[in-house]
Amino acid sequence: MAYTEKFQSLADAARAKVDEIAPADVAALIVHGAVALDIRDPDEHAKGHIPGSLNISRGKLEMNVEEALPDLDRVILCYCNANNRGALSAASLREMGYRNARFIGGGLNAWRKLTSQD
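Caption draft 1: Representation of the packing of helix α1 (residues 5-17) against helix α5 (residues 84-95). Where α1 contacts α5, the axes come no closer than 8 Å and their chain directions differ by 55 degrees. When the axes of α1 and α5 are compared, the pair comes out oblique. Judged by the twist between their axes, the crossing of α1 over α5 is left-handed. Where α1 approaches α5, its residues F7, Q8, L10, A11, A14, R15 and K17 are matched on the opposing element by N84, A87, L88, A91, R94 and E95. By residue class, the composition of the contact of α1 with α5 is 7 nonpolar, 2 polar and 4 charged.

Caption draft 2: The state of the cysteines, seen in detail. In this structure the tally under the stated criterion is 0 disulfides. Between C78, a free cysteine, and C80, which holds the nearest cysteine sulfur, the sulfur-to-sulfur gap is 9.3 Å. Judged by its relative accessible area of 3%, C80 falls in the buried class.

Rules behind the numbers
Residues numbered from 1 in each chain as written. Predicted model: local features only at pLDDT ≥ 70, side-chain atom pairs only at ≥ 80, totals over all residues. Heavy atoms only, no water. Axes fitted to C-alpha atoms, helices over the stretch in contact; angles between N-to-C directions. Helix = DSSP H or I, 4+ residues; strand = E, 2+ residues; numbered from the N terminus. Parallel < 35°, antiparallel > 145°, perpendicular 65-115°, else oblique. Left-handed = near helix turned anticlockwise from the far one by under 90°. Contact = heavy atoms within 4.5 Å. Nonpolar A, V, L, I, M, F, W, Y, C, P; charged D, E, K, R; others polar. Disulfide = S-S within 2.5 Å. Buried < 20%, exposed > 50% of the residue type's maximum accessible area, 1.4 Å probe, protein only.

Okay, structure coming up:
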């Protein structure tokens, strides 16, 4: 998908502020208490997601995250289909005080390739 220059610049700046997690590391992090946070819209989540992931759409993230994830120290692995929304979400959570907000590099698409999940 082609993005506007301003949007891509904003997403790139967000990526520079937060840690990127490799899809290969997701399962181990979840076993140790991390939460996979699908920030795609509910209809996207319904079509497939990382098992056990929490879905809070990007548009409502800042309004709803504190009730769903009150622990500011919990490792949160934000993801979308690729990178941009996941990185933007992780950066926003960091600004809200979530110290361990990260994003899954390549998002759901990369995770699916690695795990052969649909």
